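Geometric and topological summary
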Amino acid sequence: MKIASAQIKSTIGEINQNLETHYKMIDLASKNGVNLIIFPEMSITGYCREKARELSMTEFDKKLNTLKKNAVEKNITIVVGAPIKIDNKMHIGSFIFLPNNLIKIYTKQYLHDGEERYFEPSFENNPIIEINEERFSFAICADIENELHPKKSCELNNTFYLPSIFYSKNGIDSGIEKLKNYAKKYSLNILMSNFNGEHWNIEAGGKSCFINNKGELKSKLTTNEDGLLIIHRKNNNWESEIITIK
């Protein structure tokens, strides 16, 4: 099997433009035989706070129809980010589109300072996805700052931990070090997706990466690349391939 991390730029509020970027990455992943692809935090809308309610979506939003269709037709699980409204409460979340035409939702459990003014944390939406005997759990950005989060993933017998994040150039290296420690301590393979380029008036850190369950950083994109990091299992190891977009 193959799974992929997409490193992209998104523009706040330009949903149609951002979705086109998603479609291109999904098509490229599909052509390379990928079974699951993840995108950064709030990838569809761009990372936002003040405009979150205005840009928020539910699982029934018509803007998501093409993503849902792609998951089915290309037989690929697609994980994208957005502000998500559930029972009129605002959450930072991920929509998970499955090849069987279902949608699952993950909601961010631990918020970054300042996010609590616009969002609520929630532990109620924490799906586990199984593909070819691998078990995948999800995380969004500040979730990885709390060690209880990956610890819980380990306790649920997951084999992969998939953070979708927005870390700056200044913060990304320390974030990766945390993930390396978690991977080794909790025996988790970790595939992370981050933005590149300027975002929310901050220079995103890129460096989307794969860390194996021994805590070894095996592959990463650079700070400024658009592209896919694809990993595939060969015997008992995971090998990687990077496809950059010019």
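Above: the structure in question.
Residues numbered from 1 in each chain as written. Predicted model: local features only at pLDDT ≥ 70, side-chain atom pairs only at ≥ 80, totals over all residues. Heavy atoms only, no water.

Describing the sheet that holds strand S2 (residues 36-38)
Read from one edge to the other, the open sheet built from seven strands follows the order S5-S4-S3-S2-S1-S14-S15, with strand pairing classed as mixed. A strand with exactly one partner marks an edge of an open sheet, and here the two such strands are strand S5 (103-107) and strand S15 (237-245). Adjacent strand axes in the sheet meet at a mean angle of 30 degrees, parallel and antiparallel pairs treated alike. In this structure, S2 lies alongside strand S3 (residues 77-86), joined through three bridges in parallel fashion. Within the sheet, the bridge partner assigned to Leu 36 lies in S3 and is Thr 77. Contacts from helix H1 (residues 15-31) reach strand S1 (2-7), S2, S3, strand S14 (226-234) and S15 within the one sheet, and its direction differs from that of S14 by about 30 degrees. Against the sheet, helix H3 (residues 65-73) contacts S3, strand S4 (89-97) and S5, and its axis sits at roughly 150 degrees relative to S3. (Pairing = 2+ DSSP bridges. Helix = DSSP H or I, 4+ residues; strand = E, 2+ residues; numbered from the N terminus. Axes fitted to C-alpha atoms, helices over the stretch in contact; angles between N-to-C directions. Contact = heavy atoms within 4.5 Å.)

A word on the packing of aromatic side chains
Each aromatic ring pair is characterised by the separation of its centres together with the angle its planes make. Within the structure shown, the criterion is met by eight aromatic pairs. Measuring from centroid to centroid gives 6.5 Å for Phe 160 and Phe 210, while their planes differ by 25 degrees, and the two rings are stacked. With a gap of 50 residues between them, Phe 160 in strand S8 (residues 160-164) and Phe 210 in strand S12 (residues 209-211) connect regions that are remote in the sequence. For Phe 210, a relative accessible area of 0% translates into the label buried. Ring centres of Phe 166 and Phe 195 lie 5.8 Å apart, and the angle between their planes is 80 degrees; this geometry places the pair in the edge-to-face category. Linking Phe 166 in the loop between S8 and helix H5 (172-186) with Phe 195 in the loop between strand S9 (189-192) and strand S10 (198-199), this pair joins segments that are 29 residues apart in sequence. Three or more aromatic residues link up through ring pairs in this structure, and these residues are Tyr 47, Phe 166, Phe 195 and Trp 200. (Phe/Tyr/Trp six-rings, centres within 6.5 Å; stacked < 30°, edge-to-face > 60°. Buried < 20%, exposed > 50% of the residue type's maximum accessible area, 1.4 Å probe, protein only.)

Describing the environment of Tyr 182
One can find Tyr 182 in helix H5. The class for Tyr 182 is buried, based on a relative accessible area of 7%. As for Tyr 182 and Tyr 110, which are separated by 72 residues in sequence, their C-alpha atoms are 17 Å apart. Beyond its immediate stretch of four places on either side in the chain, Tyr 182 contacts Ile 144, Glu 145, Asn 146, Glu 147, Pro 150, Ser 187 and Ile 190. Looking at Tyr 182, its side chain comes within polar contact range of the main-chain oxygen of Ile 144, at 2.8 Å. (Polar contact = N/O pair within 3.5 Å; in protein donor to acceptor, adjacent residues only side chain to side chain.)

Things to note about the pairing of S3
Along S3, eight of the ten residues are buried, which leaves the element largely enclosed by surrounding structure. Here S3 runs beside S4; their pairing, made up of nine bridges, is antiparallel. Bridge pairing links Pro 83 to Ile 92 in S4. Joining the antiparallel neighbours S3 and S4 is a turn of two residues, in which Asp 87 adopts a positive phi near 50 degrees.

Describing helix H4 (residues 148-155)
By the burial criterion, the buried members of H4 are His 149, Pro 150 and Ser 153. Down the axis of H4, the sector holding all buried residues measures 90 degrees, keeping them to one side. Turning to H4, the residues buried within the fold contact S5, strand S7 (134-140), S8 and H5. (Arc of directions from axis to C-beta.)

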